[in-house]
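# Coordinates in review
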Amino acid sequence: MFSSSSRWPAAMTLLRAALMLLLAWAPASAAGPTNDDCLACHSDKTMTVKRGNRTVSLFVDIKKFAASVHGPLSCTNCHASLDGKDLPHDPGVPAVVCGSCHSDEQKLHAASLHGKAIARGDALAPHCVDCHGNHDILPVKDHRSAVTPLNIPFVCGRCHREGTPVQMNRKIDQHNILENYSESIHGEAVMKKGLIVAATCVSCHTPHSILPHTDPNSSINRRNIAATCTKCHAQIEQVHRKTIRGELWEKQANVLPACIDCHQPHKVRNVFYSQGMADADCMRCHADQHLKARDGRNLFVQIDDVAGSRHAKVACSQCHSEVNASHVRPCETITHPVDCSKCHEEIGQQYQRSRHGQIQASGDHNAPICKDCHGTHHILGKHDPISVTFPTNVPALCGGCHREGQKAAVRYTGRQHEIIQHYTESIHGKGLAKSGLTVTATCTSCHTAHLILPRTDPESTVNPKNVPATCGACHHGIQEQFVQSVHSASVTKTDKELPVCNDCHTAHQIRRTDETGFMLDIMSTCGRCHGEIAKTYFETYHGKVSRLGYTKTAKCYDCHGSHDIQRVNDPRSHLSRANVVATCQKCHANATRRFAGYLTHATHHDPAKYPFLYWTFWGMTTLLLSTFVFGGIHTLLWLPKAMEMRRELRAEEAREAAAENGSLEQASNNDRKDGNHAH
Amino acid sequence: MPTDLEIRASDPQTPAPVRELKRPDREFVRFTRLQRALHASMIISFISLATTGLTLKFSYTSWAATVSRLLGGFQTAGFIHRAAAVLMFGVFSTHLYDLVQHKKREKLSWLGLVFGPGSMLFNRQDLNQFIGTMKWFVGRGPRPQYGRWTYWEKFDYFAVFWGIAVIGSTGLTLWFPVLFTRLLPGSFLNIATIIHSDEALLATGFIFTVHFFNTHLRPEKFPMDTVVFTGHMPIAELKRDKPLEYEALVKSGHLEEHMEEPQPEVVVRAIRAFAWCALSVGFCIVVWIIYAMVFAYR
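Residues numbered from 1 in each chain as written. Chains lettered and ligands numbered in written order. Predicted model: local features only at pLDDT ≥ 70, side-chain atom pairs only at ≥ 80, totals over all residues.

This paragraph deals with the overall build of chain A. In terms of helices and strands, chain A carries 37 helices and two strands. In chain A, which comprises 679 residues, the proportion classed as buried is 27%. Partitioning the intrachain contacts of chain A with sequence separation of at least 6 by distance along the chain shows that 50% fall at a separation of at least 24. (Helix = DSSP H or I, 4+ residues; strand = E, 2+ residues; numbered from the N terminus. Buried ≥ 20, exposed ≤ 12 C-beta atoms within 10 Å, placed from the backbone. Contact = placed C-beta atoms within 7 Å.)

The subject of this paragraph is the overall build of chain B. Looking only at helices and strands, one finds 13 helices and three strands in chain B. Considering only contacts in chain B between residues 6 or more positions apart, those separated by 24 or more positions represent 72%.

The next thing to look at is the nonpolar core. Grouped together as the largest cluster of nonpolar side chains are 38 residues, with contacts concentrated most on Phe46(B), Leu49(B), Met88(B) and Ala203(B). Only α2 (33-57), α3 (62-70), α4 (73-105), α7 (151-175), α9 (187-217), α10 (227-230) and α13 (265-295) of chain B provide two or more residues apiece to this core. At nine residues, α9(B) tops the list of elements feeding residues into this core. In this view, Met88(B) contacts Met42(B), Ser45(B), Leu49(B) and Ile164(B); residues no more than four positions away in its chain are not counted. With 18 residues, the next largest nonpolar core counts Cys159(A), Ala199(A), Cys204(A) and Ala226(A) among its residues. (Core = buried A, V, L, I, M, F, W, Y, C linked by C-beta atoms within 7 Å.)

Another aspect to go through is the sheet that holds strand β2 (residues 232-233) of chain B. Residue and element names in this part refer to chain B. One open sheet accounts for three strands, arranged β2-β1-β3; its pairing is antiparallel. Lying at the two open borders of the sheet, with one neighbouring strand each, are β2 and β3 (259-260). The pairing of strand β1 (residues 27-29) with β3 spans two bridges and is antiparallel. Within the sheet, the bridge partner assigned to Glu27 lies in β3 and is Glu260. (Pairing = 2+ DSSP bridges.)

This brings us to the interface of chain A and chain B. At the interface, 40 residues of chain A touch 36 residues of chain B. Put simply, the parts of the chain that give the side of chain A that touches chain B at least two residues each are α34 (541-547) and α37 (611-678) of chain A. In terms of residues, the side of chain A that touches chain B owes the most to one element, α37(A), which gives 20 residues. Here the residues of the side of chain A that touches chain B sort into 23 nonpolar, eleven polar and six charged. (Nonpolar A, V, L, I, M, F, W, Y, C, P; charged D, E, K, R; others polar.)

What follows concerns the environment of Cys229(A). Residues and elements named next belong to chain A. Here Cys229 lies in helix α14 (residues 222-230). You can call Cys229 buried: it has 21 C-beta atoms within 10 Å. As for Cys229 and Cys204, which are separated by 25 residues in sequence, their C-alpha atoms are 7.3 Å apart. Those residues in contact with Cys229, other than ones at most four positions away along the chain, are Ile236 and Cys259.

This brings us to the packing of α4(B) against α7(B). Residues and elements named next belong to chain B. In contact at an axis separation of 11 Å, α4 and α7 are set at 140 degrees when each is read in the N-to-C sense. Here α4 is positioned oblique relative to α7, judged by the angle of their axes. Here α4 runs over α7; the crossing is left-handed. Along the contact surface, α4 presents Arg82, Ala85, Met88, Phe89 and Phe92, while α7 presents Ile164, Gly168, Gly171 and Trp175. (Axes fitted to C-alpha atoms, helices over the stretch in contact; angles between N-to-C directions. Parallel < 35°, antiparallel > 145°, perpendicular 65-115°, else oblique. Left-handed = near helix turned anticlockwise from the far one by under 90°.)

All right, on to the packing of α2(B) against α4(B) then. All names here are of chain B. Put simply, α2 and α4 touch, their axes get as near as 8 Å, and they point 150 degrees apart. As far as their axial angle goes, α4 and α2 are roughly antiparallel. In this structure, α2 crosses over α4, and the sense of that crossing is left-handed. For the pair α2 and α4, the contacting residues are Leu34, Leu38, Ser41, Met42, Ser45, Ser48, Leu49, Thr52, Gly53 and Thr55 in the first and Ala77, Ile80, His81, Ala84, Ala85, Leu87, Met88, Val91, Thr94, His95 and Asp98 in the second. When grouped by side-chain class, the residues that make up the contact of α2 with α4 number eleven nonpolar, nine polar and one charged.

Let's shift gears to the environment of Asn151(A). Residue and element names in this part refer to chain A. You can see Asn151 is positioned in the loop between α8 (128-132) and α9 (152-157). Judged by C-beta crowding, with 18 C-beta atoms within 10 Å, Asn151 ranks as partly exposed. For the pair Asn151 and Met191, spaced 40 residues apart in the sequence, the C-alpha separation amounts to 8.6 Å. If near-sequence neighbours (up to four positions away) are discounted, Asn151 is found in contact with Ser145 and Ala146.

Further remarks concern the pairing of strand β2 (residues 54-57) of chain A. Along a regular strand, successive side chains alternate from one face of the sheet to the other. Residues and elements named next belong to chain A. Note: strand β1 (residues 48-51) against β2, four bridges, orientation antiparallel. The residue bridging Lys50 from the neighbouring strand is Thr55, located in β2. Turn length for the β1-β2 hairpin, with the two strands adjacent in sequence and antiparallel, is two residues, and the turn residue Gly52 shows positive phi of about 60 degrees.

Residues and elements named next belong to chain B. In this structure, Phe274 sits in helix α13. Of the residues examined, Phe274 has 15 C-beta atoms within 10 Å and is grouped as partly exposed. Taking C-alpha positions, Phe274 is 9.3 Å from Phe229, a pair spaced 45 residues apart along the chain.

Take the confidence of the model for chain A next. Residue and element names in this part refer to chain A. When pLDDT is averaged along chain A, the result is 84, and 87% of the positions lie at 70 or above. Ignoring residues within four places in sequence, the model shows residues 271-276, a span with pLDDT below 50, making ten contacts including any to other chains. The low-confidence segment residues 675-679, where pLDDT is below 50, has zero contacts with residues more than four positions distant or belonging to other chains. (pLDDT = per-residue confidence, 0-100.)

The next subject is unusual backbone geometry. Glycine aside, residues mostly have negative phi angles, and peptide bonds mostly take the trans form. Residues and elements named next belong to chain A. In the Ramachandran plot, Thr206 falls in the positive-phi region, its phi being about 65 degrees despite a non-glycine side chain. With respect to the helices and strands, Thr206 occurs in the loop between α13 (201-205) and α14. Looking at Thr206, the number of C-beta atoms within 10 Å reads 20, which means it is buried. Unlike most non-glycine residues, Asn590 shows phi in positive territory, near 70 degrees. In this structure, Asn590 sits in the loop between α36 (580-585) and α37.

Okay, the confidence of the model for chain B next. With 92% of its residues at a pLDDT of at least 70, chain B reaches an overall mean of 88. In the predicted structure, residues 12-20 of chain B sits below a pLDDT of 50 and forms zero contacts with residues beyond four places in sequence or in another chain.

All names here are of chain B. Taking 1.5 Å as the rise per residue, α7 with 25 residues should run 36 Å; its terminal C-alpha atoms sit 35 Å apart, in good agreement. Residues Trp152, Phe155, Val160, Ile164, Ile167, Thr170, Gly171 and Thr173 constitute the buried set of α7. On the buried face of α7, the contacting elements are α4, α8 (177-180) and α9. (Expected span 1.5 Å × (residues − 1).)

And the structure:
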């Protein structure tokens, strides 16, 4: 089929017809025996000859011959050795050489498995006549032809079916060929439905160039099988687009499964087979627990792992492609590791674009590949609670590399640290681990499972531009509010960076918003951008109370709203003229419009904006300063004089005490004198 | 220290040096029982107000948060603040009532009450005494002869009078903002906040420094003058500090009416303990204010 003849079938047919006309005209000029001469003897139905131990009929049915494609020819055109000979001829006429006319087919056949067997002298090898017949050869399109599509399976099946000498004595890998074929989708079409366009043996194996599948030129070689099948299944790439990119399929068939890996030869069905190419064959070696590769890797395969996995119905060779069944160890031809994207094509493409894929492509072995997260033979779906990709297990899975000190965390230069620990303590982490909520956001909920990109990448799900949508996947109602708020990029057009969810809620430490910590931090969070206004807030009662660490006071979002923040002059704002009183009344029942005139962000440092406050403050400050200066000077001046007075007082006290002591002594002396006197 | 104790234990004959207080038989009564009670109440009220109020004013210091927590949180602190304010208002109105009673007792006219000899209002004599005091300070004259109320005592008195009026009124505005903004614009609350807070700072700062020095800490009184707690002062002190009053009393012959037995020893001790507490808290607050204003101001 790779010869020119197959490529120009119409031209060849014309050429052949012309040649035959030429031959038909030729006998007129030839001197040899005519057909009638030959038939003088060969019309005798009892004419036989003994060849070896076989008795072969030499009868020629002239009617059939005349109706055959070779009808216009004379006998000697084929039996050329008898040309010009006298009759009756000697027995032992050499065999007819079809190739004298059908040279292309002859060449192909000679190079084929059948031709080489003939050359070897294999008695079982088929000659032209074994398939095509001899004197009654009909055009292929004639339904009575031996080689019309409907007959082909039987022609080939004469040898290639169970119990024939060929099947028993020659090494043929496939078994029950005819039987399997007859049950296959092709066989059913041909043999049961009479669909002459359905594939027969020759559609795949070619009529004459039958080669073993190990031969690179064989139509059923791995490299060629796709082309062979697409002869009929021209648009099969479209059907398999999800699995295999069309171009890859043809160009790099070695890394991809060939058609026959899934659609087994001769058994082709429009469904996958549960049993693949040769799982049992693989397990002949890989069931050995001590099987080691040359580099020491353990090659033991726990077959139960596969059986219990998502890939239970996938054959070994569908993943471990490149196996070659003609080798004793079919796996020795494997040169590439398993490529999951053969089937999981879309995921494979995502992975290639992801940070993991980029690092992997750069040749860094630290990068995780499919099996690092999903495992190998025991892959379970993300819905299986014992799967490593089940939501509750995802943080630990990612943490294997992204935990502080691990290989991913070490190379990471961004702002996020203690990611796993923070996540575990976050509302999402608690929801997952403590409340067992599998719908809680895990690593992959925000970062995706396969298209993980750094936040700087515009395509990343955690890029600021995409964060609202990422969070909105769960928090849809919030996203709806947010996209209409003043912080949304769709509302405010600015060069400045607008806040998105994680700017207020953080990325991994997300807390309940009714936690004291969150409520108190919100002021400095808002203050990161609204610095001045946050500062002035802290000059008011609300700000001072929250600064002391109490939450039962108005915080930014109590007045401005949280996700639905609008400019204060926007009618939708909580602080618009229509809404502000109600907003104050949330805490201050009975608040009036006049009450709402309280300046919640007032500062006494801005004479232009708040002249009253400014001058009040400076009036009070002047009063304070002058009072303290006056009091201070008065005190300082007094101090030395007071010291002086103290010294004088102490001196006086001392004098008084001395005087008192003196008088006491005098008194006692007097007593003594009196006593003396009395005596 | 242990050695000292050993020495002391080994020599029980030597008594610890005790400064014997010579207790006079009779003392001059400067303040009535009610006035003393009012002053004590005011101390409690004032310190409570200052402590709780300053936690808000200096909320940016970690001190403030600690004190606020100690007091039981900002809501409890606020409750204490308001309760103390009510006490202060009570002290204020009781004093005003007492003034009216005083007027009745002494059969004074309103003018007599305001401008009489016992009046707290500044008069020409105070100006003269102030000038005299300044001269004395710089060594250009003798110590002036002060009367019953010196000009700095009158200043303290009016500082409190003014303070209660200003801080009290603005405080009420902030206490009942919804009520007051039925009449006043909302931004008046901002102004009231500034006035309330700064006036309070003035009051605390002044009381805990200038007043403390003028009455307690000046060397000849150090460490404290207990007259306002006991109501009594030695006659010698009256003679020395308030010579004009003494002379007037001697001249009128009413001095004996103003003399009383001294307070019992235990009462004086209790009073001293209380005064020490008040002084200490006052000093702490001063330190806090200075720290907050100078080192942590934001």
